[in-house]
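Each chain is listed here by its residues.
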Amino acid sequence: MTDALVSTAVLIVLVGLLFVDTYYQWSSWNGIVLYVLIAVTISSALIECTVLPVYRQKTWRYEIDAQCIQLKHGAFMRKHLIIPINKIYFVKTSQGPLSK
């Protein structure tokens, strides 16, 4: 959701700049740059909202038992982290406004 909101905000700003570009008739290269930025933003938003969540879901694993916490993540560079329970002193969690 955060990626979608950020992409939407960037698109609104770019479309506003495009409107100002056509209203005040800036140089022709300004419009070309704005169209390129809009295309890059749309393609980036599509990748961030469709491909990356699936990739993150498939490559992240964890397991918690009485002795340790195991974390596994990564597709090309696999990382396996083992944390003993007796070494954990505190756990800090946080939520953003969208998670609440």
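Scope of this entry: the structure provided in the associated data block. Everything numeric here is computed off the predicted structure, so don't read it as measured data.

1. Comments concerning unusual backbone geometry
Reasoning step 1: Positive phi values are uncommon outside glycine, yet Gln-25 reaches one of about 55 degrees.
Reasoning step 2: Its place among the elements puts Gln-25 in the loop between helix 1 (2-24) and helix 2 (28-59).

2. Details of the sheet that holds strand 3 (residues 79-84)
Reasoning step 1: A sheet is described by the order of its strands in space; here 3 strands give the open sequence 1-2-3, paired in antiparallel fashion. In this open sheet, the two strands that pair with only one neighbour each are strand 1 (60-64) and strand 3. This sheet shows a mean twist of 10 degrees between the axes of neighbouring strands, independent of strand direction.
Reasoning step 2: Contacting strand 1 and strand 2 (68-73), helix 2 runs over the sheet at an angle of about 35 degrees to strand 1.

3. Examining the packing of helix 1 against helix 2
Reasoning step 1: Direction vectors running N to C along helix 1 and helix 2 enclose 170 degrees, while the axes themselves pass 10 Å from each other. Regarding the angle of helix 1 to helix 2, the classification is roughly antiparallel. Every residue of helix 2 that contacts helix 1 at Asp-3, Ala-4, Ser-7, Val-10, Leu-11, Leu-14, Val-15, Leu-17, Leu-18 and Asp-21 is listed here: Asn-30, Gly-31, Leu-34, Tyr-35, Leu-37, Ile-38, Thr-41, Ile-42, Ala-45, Glu-48, Cys-49 and Arg-56.
Reasoning step 2: For the contact of helix 1 with helix 2, the per-class residue count stands at 14 nonpolar, 4 polar and 4 charged.

Here is what the cut-offs are and how they apply
- Think of each chain on its own: its residues are numbered from 1, step by step along the sequence as written.
- Since the coordinates come from a predicted model, pLDDT governs what is reported: local features require at least 70, and pairs of side-chain atoms require 80 or more to be given and counted, while whole-chain, interface and lining totals use all residues.
- As a rule here, side-chain values cover all heavy atoms of the structure and leave hydrogens and water aside.
- In this description a helix means any DSSP run of H or I spanning at least four residues, a strand means any run of E spanning at least two, and both kinds are numbered starting from the N terminus.
- Two strands pair under a simple rule: DSSP has to find at least two bridges between them.
- All axes are obtained by fitting lines to C-alpha atoms, using only the stretch in contact for helices, and the reported angles, taken between N-to-C directions, cover 0 to 180 degrees.
- Contacts between residues were defined by any pair of non-hydrogen atoms, one from each residue, lying within 4.5 Å.
- In what follows, roughly perpendicular refers to angles from 65 to 115 degrees, roughly parallel to angles under 35, roughly antiparallel to angles over 145, and oblique to any angle outside these ranges.
- Each residue is assigned to one class: nonpolar for Ala, Val, Leu, Ile, Met, Phe, Trp, Tyr, Cys and Pro, charged for Asp, Glu, Lys and Arg, and polar for all the others, Gly among them.

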